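Remarks on the overall topology
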Amino acid sequence: MNELVTESLAGQPWLSLLTFMPLVGALGIALRQMMARRGGDGAIVAAEQKEIDGVARRVALLFTLGAFALSLFIYIAYYDRTIGGYQLVEQAAWIGGGVSYKMGVDGISILFVLLTTFVMPICILASRSIEKRVPEYMIAFLMLETLILGFFCALDLIVFYLFFEGSLIPMFLIIGVWGSPGVKELGGIKMESRVYAAMKFFLYTFLGSVLMLIALIWMWRFAGTTDIPTLQQTAFPPGAQKWLWLAFFASFAVKMPMWPVHTWLPDAHVQAPTAGSVVLAAILLKMGGYGFLRFSLPMFPIASADFAPLIYALSIVAIIYTSLVALAQEDMKKLIAYSSVAHMGFVTMGIFTGTTQGIEGGLFQMLSHGFISSALFLCVGFLYDRTHTRAIAAYGGLVHRMPFYAFFFLFFTMGNVGLPGISGFVGEFLTMAGAFKINSWIAFFAAFGLILSAPYGLRLYRDVMYGPLTKEKLMAIADIDTREMAMLGVLFVCALIFGVYPQPALDVFAPSVDLLISHYDAALAGAFGAPQ
Amino acid sequence: MSLPETLFWCIPELMLALGAMALLIAGVYLGDKSARLISTLAIALLVGAMLVVAALNVTPGHDLFGGSFRVDAYSSFAKMLIFGAAALAILMSDKYLAGEQLGRFEYPVLIVLASLGMALMVSANDLLALYMGLETQNLALYILAAFNRDSRRSTEAGLKYFVLSALSSCLLLYGASLIYGFTGELQFDAIARVAAQGDNIGLVIGLVFLISGLAFKVSAAPFHMWTPDVYEGAPTPVTAFFAAAPKLAAMAMFVRAMVTPFSDILEEWRPILAILAVASMTVGAFSAIAQVNIKRLMAYSAIGHMGYALIGLTAGDPQGVASVLVYMTIYVVTTLGVFACILLMRRRGGMTEAIDDLAGLSRTNPGLGMIFTILLFSLAGVPPMAGFFAKLFVFQAAIAQDLVWLAIYGAIMSVVSAFYYLRIIWIIWFNEPAPAFEREVGSRLGVTAFVSASLMLISLPFLGLLLKSAQAAAASLF
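These notes cover the structure that comes with them. (Residues numbered from 1 in each chain as written. Chains lettered and ligands numbered in written order. Predicted model: local features only at pLDDT ≥ 70, side-chain atom pairs only at ≥ 80, totals over all residues.)

1. Remarks on the overall build of chain A
Each helix and strand counted, chain A has 19 helices and four strands in total. Out of the 532 residues in chain A, the part that is buried amounts to 58%. Long-range pairs, those at least 24 residues apart, make up 81% of the contacts in chain A with a sequence separation of at least 6. (Helix = DSSP H or I, 4+ residues; strand = E, 2+ residues; numbered from the N terminus. Buried ≥ 20, exposed ≤ 12 C-beta atoms within 10 Å, placed from the backbone. Contact = placed C-beta atoms within 7 Å.)

If you want it as structure tokens, here you go:
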């Protein structure tokens, strides 16, 4: 058997420290809120609340930046880029019966850890316009960061599931409490649309993941352990692999989201506050792709190969269909949400080609989508803060009033379209190259996505930015300020550097991807005879 | 075993029996103004009994009174939880009862007597002892349900509970007599020996009746009808008590009455239990959706949760029994917390029970809102709350016995039931605030709710310990 797993232990529990660092900040804010001075009627005095809000914002920013610094430090000082196996592994006894608390990273997960800690401070900065219930808001984001980091670092199935599902709770509250106003009618019952979106988000994802839970318990029983590296070495019987694969697919396909289970995403995106959309697009969607790479491919290689055509078909439908749907959208956030589904189509297609280009392309696409879609949601958010509408029709001619904004918006729209020189292109190109190796028709159809992303991207840009500035409301609109420019600027630099010179990112995950592929090929060779 | 030795192992039960009588006499002499004192003494008595149970070293288990009762790790595990839950129930009742002019000294005495009955139930090792324990408990519970005798709802609850419970006791007795008729034995181990000899259709028919009777006591569907009405009608602290200790005791009794005598004919009763589990989960998930009264909702929630616990019993092996114990432990802790929250739903002018009154609780009372949210997520089985692990272990037990379909069904029902827990959370968090409840910072109820909610998260590192002691308890049955 191929040696997929070379584990090197950590001297210090670095990953746990990183994971639970934001939680400490959240507890700090909660404690401050609890100790607030109260007036005679038991309510907190307004001035005091204002002070606490300020403290909460500062603490949240401090802890997210601290987590970013710590993750960079861990990466630079302790992470060895030459090994493909798991590093910085820490393990502690827990429930027993094969379940332990185990954390570790490899080239694939370290990338997502860094992306998470990088995006989170931006989210906190982007929340300036949040004015109600600020401490709770910051607590929710810090908790979310802990849960996401734990998810990417977990090396035990139960620990993994805990963080995976746990991340639903803060996101549910973020969408439901701080979402945008509006009422939706559903079967005669009127409910607020943010509540509808929050419920849909939770129940959809929950249904997907309980099936995975059953599969996970079955694997626990089969292998006698929930240790992920061990399970990656375990050869599950081909008949069972099929069911296990489908159960995991149910969970990750919803999370990703793949067509046709993507319908929760536009609702969630539209209703979530700006920072919520950013987290959702930049990180939460990546959980699905990460799951495919961490579980489906290495643990169920035979089923993955068998089901690959299904994935290709769904991916191509996603790429073409959702691109067309995006073309018809009247709401800016909805448009970007649908384009996210299309971009994730490239990721799933790339991952299941099982080729180096495909998988590396998928990973790179996720990374780049993390920058570009975050930036686009921020751009929409900045406009929303100024005018409180997301309807494309409400804008036009902004370029005259907002030149800096126009520059960034154009850059990221082009990135979304896949213009060479910006990071979005690299991922799409690599996944198509991977697909081409398997079957040129897949690449042929996927290429439509590249073409179709141009019309909706350009239309959005034209309708919002160009044309005469006629709308009354927009006459006095102000260009982006320094804070907003700083956020977009950071993402701009990342998208540009990785677009021109993607090698550093590819180098990070290459050893792990190579290991994964050699394991995958060996398993297939064992099942179907020698590889072609 | 000599009489003194037998009595030695019964010290906790003797404490409760004698203590309850002493409290009764004291209450009669001192009158209703002594209610508070008697409550405190009753709590002390129950906690004392719990400590004695903990102190007694009962492994490898002792047969008392000619094998009618059995004191082992299993009964001790259940008894500790029962006594603890009963003590907490008394602790949580004080203020409510005083407020509703119900502060009578009989209340704590009845709870002590019910606890005595429950202690007998979980130790019962023959059919007669089982019935005796059950009725000791039931008599106290009927009175408790109708405790607010001037309220029509409460008396109706008591009466309904009495009639339906009597009916189920008949089923149970009929089953017991059939089993006795076809095996010639009452004692569980002896029945097991006869059952192991093979085909005995009369025994199986008796078993079906016995299961029906027991299913009523744990309020498993389709024998659940009484639950919502009794939960709603009984005074809230009584409901809190009903939801915790008696559920646990009935489930523990159910498990012993299945596993000890009928392990060898597991295949005969497994389908019945699977049906009970499926029906309970379904009823619990769907019927709760339309409820507007929080107590009724908790009743349906309880029915659903019993369904999950029964999955563990359906597995029928030591792992399954351990998972039932873990499930019930976590469930009891959560439920007591939830009812503490419900008892805190007090406005000027009395208690409220409507779910809509919780609107905006996270703003009017952030602490209580947070506690309630954590408990509800735990009931829904969303990780990282402890409630998730309760479900995890029963599913694991089912899958280990190749009952994968049952686990999948349970998992899907947990998504359906997540809807109504989420609906409460949405009312708490997303809706515009309703008038605030009275603040009771640091009250007994507040502390109970806080401790219960904290346990949902703080207990995570110690789940291994809980599982281990549950496994040790389960092992003593086999």
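2. Focus: the overall build of chain B
Helix and strand counts for chain B come out as 20 helices and four strands. Relative to the globule expectation of 23 Å for 478 residues, the C-alpha radius of gyration of chain B, 21 Å, shows essentially globular dimensions. In terms of principal-axis extent, the alpha carbons of chain B reach across some 65 × 55 × 40 Å. Taking all 478 residues of chain B together, 60% fall into the buried category. Pairs at least 24 apart in sequence give 80% of the contacts found in chain B among residues at least 6 apart. (Rg over C-alpha atoms; globule rule 2.2 N^0.38 Å.)

3. Regarding the packing of helix H7 (residues 193-223) of chain A against helix H17 (residues 386-400) of chain B
Two elements in contact, H7 of chain A and H17 of chain B, have axes separated by 9 Å at closest approach and are oriented at 60 degrees. Looking at the two axes, H7 of chain A sits oblique to H17 of chain B. The interaxial crossing formed by H7 of chain A with H17 of chain B has right-handed handedness. Contacts between H7 of chain A and H17 of chain B involve Ile-214, Ile-217, Trp-218, Trp-220 and Arg-221 of chain A from the first element and Phe-395, Gln-396, Ile-399 and Ala-400 of chain B from the second. (Axes fitted to C-alpha atoms, helices over the stretch in contact; angles between N-to-C directions. Parallel < 35°, antiparallel > 145°, perpendicular 65-115°, else oblique. Left-handed = near helix turned anticlockwise from the far one by under 90°.)

4. Digging into the interface of chain B and chain A
With 26 residues of chain B in contact, the opposing surface of chain A contributes 28 residues. Sorting the residues of the side of chain B that touches chain A by element identifies H17, helix H18 (404-430) and helix H20 (463-475) of chain B as the ones contributing at least two each. Partitioned by chemical class, the residues of the side of chain B that touches chain A number 21 nonpolar, three polar and two charged. (Nonpolar A, V, L, I, M, F, W, Y, C, P; charged D, E, K, R; others polar.)

5. Details of helix H7 (residues 152-183) of chain B
Residues and elements named next belong to chain B. The terminal C-alpha atoms of H7, which comprises 32 residues, lie 46 Å apart, in line with the 46 Å expected from a rise of 1.5 Å per residue. Among the residues making up H7, those that are buried are Ser-154, Ala-157, Gly-158, Tyr-161, Ser-165, Ser-168, Leu-172, Gly-175, Ala-176, Ile-179 and Thr-183. In the segment just after H7, Gly-184 is the residue with positive phi, at about 75 degrees. (Expected span 1.5 Å × (residues − 1).)

6. Quick look at helix H4 (residues 134-153) of chain A
A rise of 1.5 Å per residue sets the reference length of H4 of chain A, with its 20 residues, at 28 Å; its end C-alpha atoms lie 29 Å apart and thus fit the reference within 8%. Burial of H4 of chain A is extensive: 20 of the 20 residues sit out of reach of the surface.

7. Observations regarding the environment of Ala-87 of chain B
Tracing the chain through its elements places Ala-87 of chain B in helix H4 (residues 73-99). Here the alpha-carbon distance between Ala-87 of chain B and Val-112 of chain B, two residues 25 residues apart in the chain, equals 8.6 Å.

8. Re the environment of Phe-419 of chain B
Assignment of secondary structure puts Phe-419 of chain B in helix H18. The contact partners of Phe-419 of chain B, leaving out residues within four places of it in the chain, are Leu-203 of chain A together with Ile-289 of chain B.

9. A look at the pairing of strand S2 (residues 99-105) of chain A
Residues and elements named next belong to chain A. For S2, the tally of buried residues reaches five of seven residues, placing the bulk of the element in the interior. Here strand S1 (residues 87-96) pairs with S2 via six bridges, running antiparallel. Paired with Ala-92 across the bridge in S2 is Tyr-101. Between S1 and the antiparallel strand that follows it, S2, lie two residues; Gly-97 among them carries a positive phi value of about 65 degrees. (Pairing = 2+ DSSP bridges.)

These results come straight from atomic positions and should not be treated as a statement about function.
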